[in-house]
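Each chain is listed here by its residues.
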Amino acid sequence: MSSRLAPVVRRVADLRAAVARWRAAGETIGLVPTMGALHDGHLALVRAARDDNAHVVGTLFVNPTQFGPNEDLSAYPRDEAADLAAFTEAGADLVFAPGVAEMYAPDAATTVTVARLTDHLCGPHRPGHFDGVATVVAKLLNQARADAAYFGEKDWQQLQVIRRLGADLDIDTRIVGVATVRDADGLALSSRNRYMTVEQRRIALALPRGLRDLAARVADGRPVAPEAAALQDALAAAGFDKVDYVAVCDGDALQPLDRVSTPARARVFAAAWIGRTRLIDNMAVGA
Ligand code: AMP
């Protein structure tokens, strides 16, 4: 069984050597960065990468710099053997799983900050988070030099941040967004869903349902504020312990909208807590 698993490399030099061999043969490479605890959402990224490229590199790295001091870094689910099997099954042919010391020199002094796109939504609620994400993704893109890299629309703000840093830093890797994968009842798949009890999982459903409803209600251009406030109240009533935000934003610029004038450009967003689990989701307003 283990002989069929995709090989794992832990050093940047070994990743680069493998990619260089493929590139010398004229073969394309797709990169799928993850923090592991893989589920079907991650595997949809692998399949998209597989469809577009001759080779797929999956990465497993729980990046400490994107977790705040009171966040779930030490509790974050880790199961490399299961992740390796899932990556292999979905079609990855190499897995890059570096340790923290390989990614960050003790005297590292560079941080990538993406302005404006991080002013709203999760930015103010998770200070430093997007700096951590932008820095590690810039590093992974430079390390792998893939033709394309695949990220989920589930983390829409993250996806826009990554598109921006790729353009601003002249990184020659196409950034591809992949539609959110949901359970049959509509809850977006997330590695953090496994923290929830059955009861909490039931409460969580109010998030996608409420966002779908909000998207339909604001599409006609009525004021957003009362509709967003109503969803905030509905989430609390459903059993969410805290709502970080409910917002309607331009999907590209991520600036809040008072009213939706172009439904095709607008998206609804929310982040809320059930116990110690923070859930986020987003949806298009116009199809
Ligand atoms: P993570 O391991 O949570 O950092 O996620 C790694 C990648 O998988 C990111 O690009 C996420 O946006 C993406 N992802 C996570 N959940 C989903 C989902 N339910 N559908 C699609 N992509 C997802």
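Counting of residues starts from 1 at the beginning of each chain's written sequence and follows it residue by residue. In keeping with the predicted nature of the model, local features appear solely for residues at pLDDT of at least 70, side-chain atom pairs appear and are counted solely at 80 or more, and the whole-chain, interface and lining totals rest on all residues. Side-chain numbers come from the whole structure's heavy atoms, not from hydrogens or water.

## Some remarks on the side chain of Asn-282
Only DSSP runs of H or I covering at least 4 residues are called helices, and only runs of E covering at least 2 are called strands; the numbering of each starts at the N terminus. By secondary structure assignment, the location of Asn-282 is in strand E9 (residues 277-284). Buried residues are those whose accessible area, probed at 1.4 Å on protein chains only, stays under 20% of the maximum for their type, while exposed residues exceed 50% and partly exposed ones sit between those limits. What makes Asn-282 buried here is its relative accessible area of 2%. A polar contact of 2.9 Å, which involves the side chain of Asn-282, links it to the side chain of Arg-267. Two residues qualify as a contact provided that any one of their heavy atoms is within 4.5 Å of a heavy atom in the partner residue. If near-sequence neighbours (up to four positions away) are discounted, Asn-282 is found in contact with Glu-153, Lys-154, Trp-156, Arg-182, Leu-211, Arg-267, Val-268 and Phe-269. Here a polar contact is taken to be a pair of N or O atoms separated by no more than 3.5 Å, where protein atoms must pair a possible hydrogen donor with a possible acceptor and residues adjacent in sequence count only if both atoms sit in side chains.

## Thoughts on the pairing of strand E8 (residues 266-274)
The buried count for E8 comes to 8 of 9 residues, which makes it a mostly enclosed element. Paired strands are those between which DSSP finds at least two bridges. By the bridge criterion, 8 bridges tie strand E7 (residues 242-250) to E8 in an arrangement that is antiparallel. Looking at the pairing, Val-246 lines up with Ala-270 of E8. In this sheet, E9 lies alongside E8 in antiparallel orientation, the contact comprising 8 bridges. Pairing of Trp-273 across the sheet is with Arg-278, part of E9. Between E8 and E9, which pair antiparallel in sequence order, lie 2 residues; one of them, Gly-275, sits at a positive phi of approximately 60 degrees.

## Looking at helix H7 (residues 156-168)
Expected helix span is taken as 1.5 Å per residue step, with the number of steps being one fewer than the number of residues. Compared with the 18 Å implied by 1.5 Å per residue over 13 residues, the 18 Å span of H7 between its first and last C-alpha is a close match. Turning to H7, its buried residues number three or more, namely Trp-156, Gln-157, Gln-158, Leu-159, Gln-160, Val-161, Ile-162, Leu-165 and Gly-166. Against the buried residues of H7 lie helix H5 (122-125), helix H6 (129-144), strand E5 (148-152), strand E6 (174-178), E8 and E9. Backbone geometry just after H7 places Asp-170 at a positive phi near 55 degrees.

## Quick word on the layout of surface pockets
To find leftover empty space, a probe the size of one water molecule is rolled over the atoms. Put simply, the second largest pocket is a space of about 260 Å³. The way it works is a 1 Å grid over only the protein atoms, where trapped points that fit a 1.4 Å probe form a cavity and open points with protein on both sides within 12 Å along at least five of seven lines form a pocket, and then any residue with an atom within 4 Å of a point lines it. Around the second largest pocket sit 16 residues that line it, and Tyr-104, Thr-110, Thr-111, Thr-135 and Lys-139 are the ones nearest its centre. It is H6 that provides the largest number of residues to the lining of the second largest pocket, a total of 6 residues. Grid points are joined across faces, edges and corners, and a volume is the space filled by probe spheres set on the points.

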